[in-house]
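For reference, the chains in residue letters:
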Amino acid sequence: MLRRGVGRSSLSICLLLAFLSLALHLLLALFCFQILQTACVLPPSSYSSSSSSPSGTGSQSRRHPVSHSLSSSSSSHKLPQSPRNGDDSKMVAHMDHMARSSTNDAVGKEKKLMGGKMDADVLQKVKGQSKLEALFRHPLYNLPRPHLHLHEDDWLLKLKKGGGEEEESEEEQVEEVDESEGQSDSYEEGYDQADWTSRTETHPPWLKFHLGISRWELYDRKDPNIGQLTQYLATQHIINAVQKSGGTQLKLLLSFPNYGQALLKPMKQVRDAETDLNLFYFSDFERHNAEIAAFHLDRVLGFGRIPPVVGRLINVTTEIREVTTDHKLTKTFFTSPVGNVCFYGQCEYYCSTEHPVCGRPHTLEVSLATMLPDLSLAPRRSWRSPWRRSYSRTKLAPWEKNPGYCETVKQTPPYNLGTRLVDLIDMVILDFLMGNMDRHHYETFEKFGNDTFLLHLDNGRAFGRYSRDEPSILAPLTQCCRIRRSTLLRLRLLSLPGFRLSDVMRESLSRDPLEGVAPLLSQPHLSALDRRLAAVLLMVATCQDHHDNVIHDDMDSYQQFNESLPQ
């Protein structure tokens, strides 16, 4: 009995000790877990940045634009690897140096325009609102125009007074409508009856756009008609489609019932496909999304020199094949082995059965660009770019062999007078940002002579590569070291976190109808915009390190506006 009692007591003691040991281990484990958890919690800003995916371009990112903006901010710092791009601290140092290089008066103006504490407070100022709208409300995008009161000769087209009580527009009299006999015939052909008068509300959007072109810009960014025009392009019934002559690749001219027209470029490749590194620039495909993105980028930069472009889904069968009067185009239609309706047209490059344009099975993505006024009404002059490439596999252009080439250009009309040189450098900056190496010519309206803006037309070969930049595009800036002050200030503004170029471009493109299908620019393309913008700013800083008179001051009329800014 005694042995049995001792055994029971020992067992009880062992169980008690085991329980106490287990409890101590549990307490120790809980204590360690709390310590580790506390050490691993990141600050909110770091957590949101590091947890963002740089490749978030799907439908989820479109539903959550705020988090997507944060992800682009972080990813834009991960992608750059080229040593010529530098780091953020170097860019800030160079930007500070640019400010110190200017005169004290110019520095004061720039600081006031940039908002003083903009670097520290800009995120707070734009928090909870559209970055794009905040950008367009910024003083740099609302400067008084140097020619605020336009004279009669500063408009490309004007209302022509007739002999009767009413006035008719020049477009109405010359381009489309013949009141005596044209209405009934055009109505039978599918066109609407044109009852336009001198009253603006009677004009279709395309005509309002034509009548709004001035010596200084294609359109006023604040003009509500631009939104109406893109909506009209995206929805109007198509009554005819024919091949557009000229150029090297397939494009169509569409006609609408109200006499409007648009230039169509079809989808040729998926949006995230990069141009083969082994292809020459003159062998690249033209991309429909590049035309759309170029219009938005030109607008974000404050230029307003590209006609409005919009994306659209069309039916290859009912909206091209069944309405076309172009018999040569009709002959190129065929059905692919998988049942898709295809065509290839006639052109110099990529118009063959090996490079067809195909619907899925009938639906096709396209870009539609607003047509400029007919050449009979508004003749345009084509200028060969001094920095045109050789378009040869073996030869170099003169500017590629002569580092002092710009001195020759500066002595050659029209670059020896006025703003033509800085106008060209504006265009060069646009091309570098979107990777466009195909700018061999540019155009101006003849009516305005040399004192006018440049038209930034034909941007289909842009946005071909995102993993590689092409510094030779910046040759005019590198060799001439000249840039507009207003352009430079807007570029610096777009480099700030609150107005980051990739973010405002993403938001601007989100308003295009094709964005509902897929993002018009993939995240790597958007990140490349930020990287290339930093490279432009560094180039300007380098110019200021070695040259005087780098800045062309186009803000002489700024003083009155400057005084109205809050102190």
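Each value, and the rule that gives it
- Residues numbered from 1 in each chain as written.
- Predicted model: local features only at pLDDT ≥ 70, side-chain atom pairs only at ≥ 80, totals over all residues.
- Heavy atoms only, no water.
- Pairing = 2+ DSSP bridges.
- Helix = DSSP H or I, 4+ residues; strand = E, 2+ residues; numbered from the N terminus.
- Axes fitted to C-alpha atoms, helices over the stretch in contact; angles between N-to-C directions.
- Contact = heavy atoms within 4.5 Å.
- Phe/Tyr/Trp six-rings, centres within 6.5 Å; stacked < 30°, edge-to-face > 60°.
- Buried < 20%, exposed > 50% of the residue type's maximum accessible area, 1.4 Å probe, protein only.
- 1 Å grid on protein atoms, 1.4 Å probe; cavity = no way out; pocket = protein on both sides within 12 Å on 5 of 7 lines; lining within 4 Å.
- Points joined across faces, edges and corners; volume = space filled by probe spheres on them.
- Nonpolar A, V, L, I, M, F, W, Y, C, P; charged D, E, K, R; others polar.
- Disulfide = S-S within 2.5 Å.
- Expected span 1.5 Å × (residues − 1).

Visitor: I'd love a proper account of the sheet that holds strand E3 (residues 240-243), names of residues and values included.
Guide: Here 5 strands make up an open sheet; going across it, the order is E3-E4-E5-E10-E6 and the pairing antiparallel. Since the sheet does not close on itself, it has two edges, and those belong to E3 and strand E6 (309-315), each with one partner. With direction set aside, neighbouring strand axes in the sheet form an average angle of 35 degrees. Bridging between strand E4 (residues 252-255) and strand E5 (residues 261-266) involves 4 bridges; their strand directions are antiparallel. Bridge pairing in E5 places Ser255 opposite Gln261. Where helix H12 (residues 225-235) meets the sheet, its contacts fall on E5, E6 and strand E10 (363-370), and the angle it forms with E6 comes to roughly 15 degrees.

Visitor: Account for the packing of aromatic side chains, naming residues and giving values.
Guide: Centre-to-centre distance and the angle between the planes together describe a pair of aromatic rings. By the definition in use, this model includes 14 aromatic pairs. With centroids separated by 4.9 Å and ring planes inclined at 15 degrees, the aromatic side chains of Tyr191 and Tyr259 adopt a geometry described as stacked. Linking Tyr191 in the loop between helix H10 (182-188) and helix H11 (205-211) with Tyr259 in the loop between E4 and E5, this pair joins segments that are 68 residues apart in sequence. Across the pair, exposure class does not vary: Tyr191 and Tyr259 are buried alike. Here the aromatic rings of Trp383 and Tyr442 are separated by 6.4 Å at their centres, their planes lie at 10 degrees, and the arrangement is stacked. Of this pair, Trp383 sits in strand E11 (residues 380-384) while Tyr442 sits in strand E12 (residues 441-445), placing them 59 residues apart in sequence. Judged by relative accessible area, which is 10%, Trp383 ranks as buried. Three or more aromatic residues joined by ring pairs form one cluster here, namely Tyr191, Trp196, Trp206 and Tyr259.

Visitor: An account of empty space enclosed by the protein is needed here, citing residue identities and associated values.
Guide: The tally for this structure, following the rule as stated, stands at 4 cavities of 30 Å³ or more. As a volume, the largest cavity reaches approximately 180 Å³. Around the largest cavity, the lining comprises 19 residues; the ones closest to its centre are Trp387, Val428, Asp431, Arg439 and Ile473. When residues of the lining of the largest cavity are traced back to their parent elements, those giving at least two are helix H18 (420-434) and helix H19 (475-480). Among the elements that line the lining of the largest cavity, the one with the most residues is H18, at 4 residues. Residues belonging to the lining of the largest cavity are distributed by class as follows: 10 nonpolar, 4 polar and 5 charged. Here the second largest cavity defines a volume of roughly 70 Å³. Lining of the second largest cavity is provided by Gln249, Leu250, Lys265, Pro266, Lys268, Glu286, Cys347, Tyr349, Tyr350 and Cys351. Tallied by class, the residues present in the lining of the second largest cavity amount to 6 nonpolar, 1 polar and 3 charged.

Visitor: Now, about the state of the cysteines: what can you tell me, with residues and values included?
Guide: Linking two cysteines covalently via their sulfur atoms produces the bond known as a disulfide. Taken as a whole and assessed by the stated rule, the structure comprises 4 disulfides. Each sulfur in the disulfide pair Cys347 and Cys351 lies 1.8 Å from the other. Between Cys347 and Cys351, the disulfide has an S-S torsion of 105 degrees and is therefore right-handed. Accessibility expressed as a relative area gives 25% for Cys347, which makes it partly exposed.

Visitor: Describe the sheet that holds strand E7 (residues 334-335), naming the residues involved and giving the relevant values.
Guide: Pairing in this open sheet of 3 strands is antiparallel, and the strands run E7-E8-E9 from one edge to the other. Only two strands of the sheet have a single neighbouring strand rather than two, namely E7 and strand E9 (357-358). As defined by bridge partners, E7 adjoins strand E8 (residues 341-343) across 2 bridges and the pair is classed as antiparallel. Paired with Phe334 across the bridge in E8 is Cys342.

Visitor: Please give an account of helix H13 (residues 288-300) that cites residues and values.
Guide: Here H13 is 13 residues long and its end C-alpha atoms lie 19 Å apart, about the 18 Å a rise of 1.5 Å per residue gives. Of all 13 residues making up H13, 12 are buried, and the element is well covered by its neighbours. For H13, the set of buried residues is His288, Asn289, Ala290, Glu291, Ile292, Ala293, Ala294, Phe295, His296, Leu297, Asp298 and Val300. Looking one or two residues past H13, Gly302 carries a phi angle of roughly 85 degrees, positive in sign.

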